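Here's the letter readout for the chains.
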Amino acid sequence: MKEELFSLSSYIHSNPELGNQEYKAVEAITAILSSNGFEVESGIAGLETAFKARFTKGTGGPTIGILCEYDALKNLGHGCGHNLQPSVALGAAISLSKLEETPPFTIEVFGTPAEETTSGKIPLTERGYFDHLDIALMMHAGDRTTVDGRSLALDSFEFVFEGKESHAAVAPENGISALDGVLMTFNGIEYLREHVRSDVRIHGIITDGGIAPNIVPGRSAAKFAVRASDRPYLNHVSERVLNVARGAALATGTKVEIIRHKSLENKLNVQTLNDTLLENAKLIGADNITPPRERTGSTDFSIVTHRVPGACIRTAFVPIGTSNHTKEWVQASNSPEGNKAIMTAAKIIGSTCLDIIYSKELLEKIKQDYLVEKENQKNLVVN
Ligand SMILES: [Zn+2]
């Protein structure tokens, strides 16, 4: 299938589409799945560019989901390698469907749009599309071949401060600077930063700093992302960040409107599943295999892992240290290295599916690990 997988990836790369507009990608991907006997449902969970494709062999056996993303970045194109993911999912799923003698199983390929923007996995998860799966797997390109332990939970906020405009030289005493509210929020967060756990990340930008230096800003706004490795602690830190903004409004005589944007959970870690993926990566001879990442960002795959055991294999295709969302990634995503990563990841995911299809004990162990992890997370408390 090599050539078909490479040309699919290259086609999506040459036709970059933003989140929720990935029409060409979805058409191309689902056409291949249909012609290989998968039952395709498009436009699910209220998302025009989400899909589900199903193949069942025999009765009973595990149901395994393979997820793929395909959205590009604004003004950049495929700088996160998402164009590789459909080829990986198809390579693994279609290969499995062609095997003649295996125990029964069901494979479902999910197309999850808009990872970079609105997170298509959120409505898909909330509407229960993954609940019946025994496990969920996906691939993401990377600078090394590895798996994630936990990712960071995330809250994102926008603060809009309202003051009173006035001429900054002629009548400053009549003005109330909304920008002061924003600046005091930034400063207050710097003080807070010293007194939170070291896994916490708080980063912000000013999105509106006023109109001109000679006008006291009547409106000013900032966006922040707050992250921590678990939800209870993140809730605690986020509340303190909101209090900083409220305090800044009080101190400056401004009003603040707090808008809550996207929230994500931390990913749950299933050690046995991660170990199986890395074991297969070694057998297949993947490049730059390293132990699970200590430092991660946040991912919308995390909420899927709060419903079913899940894992993502990061697959090396750029030199170590090359950061995503860059021109280097755009280039590598349509190159011999990108194609090599497709084959490697498809084999890792396909082999992991086979391990699970053939071993009830392995699936049982994965489920046990998952329950323990879930229980541990539930019992976390903030002192
Ligand atoms: Zn990505």
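The rules behind the values
- Residues numbered from 1 in each chain as written.
- Predicted model: local features only at pLDDT ≥ 70, side-chain atom pairs only at ≥ 80, totals over all residues.
- Heavy atoms only, no water.
- Donors = N, O, S within 2.8 Å, 3.2 Å for Na, K, Ca; no water.
- Helix = DSSP H or I, 4+ residues; strand = E, 2+ residues; numbered from the N terminus.
- Buried < 20%, exposed > 50% of the residue type's maximum accessible area, 1.4 Å probe, protein only.
- Salt bridge = Lys/Arg side-chain N within 4 Å of Asp/Glu carboxyl O.
- UniProt positions renumbered as here; feature names shortened; annotations may be inferred.
- Phe/Tyr/Trp six-rings, centres within 6.5 Å; stacked < 30°, edge-to-face > 60°.
- Axes fitted to C-alpha atoms, helices over the stretch in contact; angles between N-to-C directions.
- Parallel < 35°, antiparallel > 145°, perpendicular 65-115°, else oblique.
- Left-handed = near helix turned anticlockwise from the far one by under 90°.
- Contact = heavy atoms within 4.5 Å.
- Nonpolar A, V, L, I, M, F, W, Y, C, P; charged D, E, K, R; others polar.
- Pairing = 2+ DSSP bridges.

J.: Explain the coordination of the zinc ion here, please?
T.: Perfect tetrahedral coordination of a metal by four donors corresponds to 109.5 degrees between them, and perfect octahedral coordination by six donors corresponds to 90 or 180 degrees. The protein atoms that coordinate the zinc ion are Cys80 (SG), His82 (NE2) and His140 (NE2), at distances spanning 2.1 to 2.3 Å. Counting gaps between the donor residues of the zinc ion yields the pattern C-x1-H-x57-H. Note that Cys80 is positioned in the loop between β3 (63–68) and α3 (84–98) and His140 in strand β5 (residues 135–142), a separation of 60 residues in sequence. Judged by relative accessible area, which is 6%, Cys80 ranks as buried.

J.: Can you walk me through the pattern of salt bridges in this structure?
T.: Opposite charge on two side chains permits them to pair, given that their charged atoms come into close proximity. Taken as a whole, this structure holds 20 salt bridges when the rule is applied. Note that Lys52 and Glu108 form a salt bridge whose closest N and O atoms lie 3.7 Å from each other. With Lys52 in strand β2 (residues 51–57) and Glu108 in strand β4 (residues 105–111), this residue pair connects regions lying 56 residues apart in the sequence. Each member of the pair, Lys52 together with Glu108, is buried. Salt bridges here are not isolated pairs; linked through shared partners, they connect Asp155, Arg231, Arg260 and Glu265.

J.: Which parts of the structure should I look at to understand the UniProt feature "domain: Peptidase M20 dimerisation" (unreviewed entry) in the protein?
T.: Here, UniProt's "domain: Peptidase M20 dimerisation" (unreviewed entry) annotation points to residues 156–231. Helix makes up 22% of residues 156–231 and strand 33%, whereas the separation of the span's terminal C-alpha atoms amounts to 13 Å.

J.: What should I look at first to understand the packing of aromatic side chains in this one?
T.: Aromatic rings in a pair are described by how distant their centres are and how their planes are angled relative to each other. Tallied over the full model, the rule gives eight aromatic pairs. Geometrically, the ring pair formed by Phe55 and Phe105 is tilted, given 6.3 Å between the ring centres and 40° between the ring planes. Here Phe55, found in strand β2, pairs with Phe105, found in strand β4; they are 50 residues apart in sequence, far enough to count as distant. Each member of the pair, Phe55 together with Phe105, is buried. On the numbers, 6.3 Å between centres and 10° between planes, the contact of Phe157 with Phe159 is stacked. Grouping aromatic residues by their ring pairs yields a cluster made of Phe157, Phe159, Phe186 and Phe224.

J.: Explain the packing of α3 against helix α10 (residues 336–358) here, please?
T.: Each packed pair of helices is defined by two parameters, the angle between the axes and the distance between the axes. Running from amino to carboxyl end, α3 crosses α10 at an angle of 40°, the nearest separation of the two axes being 8 Å. It follows that α3 is oblique to α10 by the angle criterion. Viewed along their axes, α3 and α10 form a crossing whose handedness is right-handed. Two secondary-structure elements touch here, α3 through Leu84, Ser87, Val88, Gly91, Ala92 and Leu96 and α10 through Gly338, Ile342, Ala345, Ala346, Ile349, Gly350, Cys353, Leu354 and Ile357. Its residues assigned to classes, the contact of α3 with α10 comprises 11 nonpolar, four polar and no charged.

J.: Which parts of the structure should I look at to understand the sheet that holds strand β10 (residues 255–264)?
T.: Strand pairs in the sheet, formed through backbone hydrogen bonds, run parallel or antiparallel to each other. Strand order across the open sheet formed by four strands is β8-β9-β7-β10, with antiparallel pairing between neighbours. Strands at the two margins of the open sheet, each flanked by one partner only, are β8 (201–208) and β10. When strand polarity is set aside, the average angle formed by the axes of neighbouring strands in this sheet is 20°. Pairing of β8 with strand β9 (residues 219–228), which is carried by seven bridges, proceeds in the antiparallel orientation. Among the inter-strand pairings, Gly204 is bridged to a residue of β9, identified as Phe224. Its contacts with the sheet place helix α5 (residues 178–193) against β7 (153–162), β8 and β9, and it is angled at close to 20° to β9.

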